[in-house]
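Architecture at a glance
Residues per chain are reported as follows:
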Amino acid sequence: MNGTNGTNALAVVRAGALTTVQDLGRPGHAHLGVPRSGALDEPAHRLANRLVGNPVERATLETTVDGCAVRVAAAVTVAVTGAPCAVRAGGRPVAWGAPVRVPAGAVLEVGAATAGLRSYVAFAGGVAVPPVLGSRSRDLLSGLGPEPLSDGARLPLGTPCGPPAGVDAVPCGALPLGELVLPVVLGPRADWFAPEAVGVLAGGAFRVSSASNRIGLRVDGPGLPRTRDGELPSEGLVLGAVQVPPDGRPVVFLTDHPTTGGYPVIGVVPEPSLPGAAQSPPGTPIRFVPRRG
């Protein structure tokens, strides 16, 4: 775990719609009812850390939709990845997707996403709030970790540990191009659904709902018909589980998901496809691609 450098901190000037501290999460605590949490677009988080010379486990800021603004007490190298956006330091435009030196006392402004939903802001040394169960991530479901950013809040930074990394191009791999394509490995409760349910799932009539959040991607569209009434005794839920509540519309669980549930799970979206779900704005068409495990 990184220690603070004793001189640098962030003062939040504009918190944005939802800005949280995130790292790689706290896996291994599901038996305690604690979700994994962590950055929803993990590749973007990892890249931002690499650009400023951090190990990938250092904590970043995850912004949602409209970015944020923070003032740095001492000069620091920063990088913004994930959803493309305008970035300004001290009132002047600076590069997105590249290491940038922000002078002491300057305000770093991360603008609204021009595509996708979530941007990641890394600072050399990382955001050094106290860890909880080995992670600095905010978990919206359990309430563990630091509170979402609020105007006027202060956050410590850790000690830089490596030079910034140079790159020729920064990928936007998680951003959906027209539609969100999600493979679904069927099971463990696919037998609770009518034979035509898989066809409905694959029919392409779903869109991302505005009710989506870090807990799960909710959808607008048709309900999946079932052959069994009632619900299950609560059983374990994994990252990417596609649970179907009583209204029949599937929910794809993301990193802050509950660890148990009683609604049937028709399938599981493999983890490499989940960053795209995290970056898909409401209204994005969804194409589920069911397959047998």
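The paragraphs below set out a description of the structure included in this document. Note that the structure is a prediction, hence the values are computed from the model and not measured.

Criteria and cut-off values
- Residues numbered from 1 in each chain as written.
- Predicted model: local features only at pLDDT ≥ 70, side-chain atom pairs only at ≥ 80, totals over all residues.
- Heavy atoms only, no water.
- Helix = DSSP H or I, 4+ residues; strand = E, 2+ residues; numbered from the N terminus.
- Buried < 20%, exposed > 50% of the residue type's maximum accessible area, 1.4 Å probe, protein only.
- Contact = heavy atoms within 4.5 Å.
- Core = buried A, V, L, I, M, F, W, Y, C linked by side-chain atoms within 4.5 Å.
- Polar contact = N/O pair within 3.5 Å; in protein donor to acceptor, adjacent residues only side chain to side chain.
- Pairing = 2+ DSSP bridges.
- Axes fitted to C-alpha atoms, helices over the stretch in contact; angles between N-to-C directions.

1. A closer look at unusual backbone geometry
Glycine aside, residues mostly have negative phi, and peptide bonds are mostly found in the trans state. Residue P188 follows G187 across a cis peptide bond; omega there is 10°. Of note, P188 is situated in the loop between strand 12 (180-186) and helix 2 (197-201). The phi dihedral of S37 is positive, around 60°, even though this residue is not glycine. Relative to the assigned elements, S37 resides in the loop between strand 2 (20-22) and helix 1 (42-51). Even without being glycine, L133 reaches a positive phi, approximately 50°. Secondary-structure assignment places L133 in the loop between strand 10 (119-123) and strand 11 (154-158).

2. Considerations on helix 1
Within helix 1, seven of the 10 residues are buried, which leaves the element mostly enclosed by the surrounding structure. For helix 1, the complete set of buried residues consists of E42, A44, H45, L47, A48, N49 and L51. Check the buried side of helix 1 and you find it contacts strand 2, strand 3 (60-62), strand 5 (76-82) and strand 10. Immediately beyond the C-terminal end of helix 1, within one or two residues, lies G53, with a positive phi of roughly 85°.

3. Some words on the nonpolar core
Grouped together as the largest cluster of nonpolar side chains are 63 residues, with contacts concentrated most on L61, L108, F123, V127, I286 and F288. Counting residues in hydrophobic clusters, the runner-up holds six residues, among them L237, A241, V251 and F253.

4. Brief notes about the side chain of S137
Looking at the element boundaries, S137 is found in the loop between strand 10 and strand 11. Beyond its immediate stretch of four places on either side in the chain, S137 contacts V21, Q22, D23, G25, R26, S37, G38, L144, G145 and P146.

5. Concerning the side chain of T284
Relative to the elements of secondary structure, T284 occurs in the loop between helix 3 (274-278) and strand 20 (285-291). Side-chain polar atoms of T284 contact the backbone oxygen of P281, separated by 2.7 Å. Apart from residues no more than four positions distant in its own chain, T284 is found in contact with P176, E179, L180, F206, R207 and V208.

6. Remarks on the sheet that holds strand 10
As summarised here, the arrangement of the five strands in space is 2-3-10-5-8, forming an open sheet in which the pairing is antiparallel. The open sheet terminates on both sides in strands that have one partner only, identified here as strand 2 and strand 8 (100-102). Looking at each pair of strands side by side, their axes are set apart by 35° on average, direction ignored. The sheet contact formed by strand 3 and strand 10 spans two bridges and is antiparallel. Within strand 10, the position partnered with E62 by the bridge is Y120. Across the face of the sheet, helix 1 comes into contact with strand 2, strand 3, strand 5 and strand 10 while running at roughly 155° to strand 5.

Function-wise, these values are silent; they only describe arrangement.
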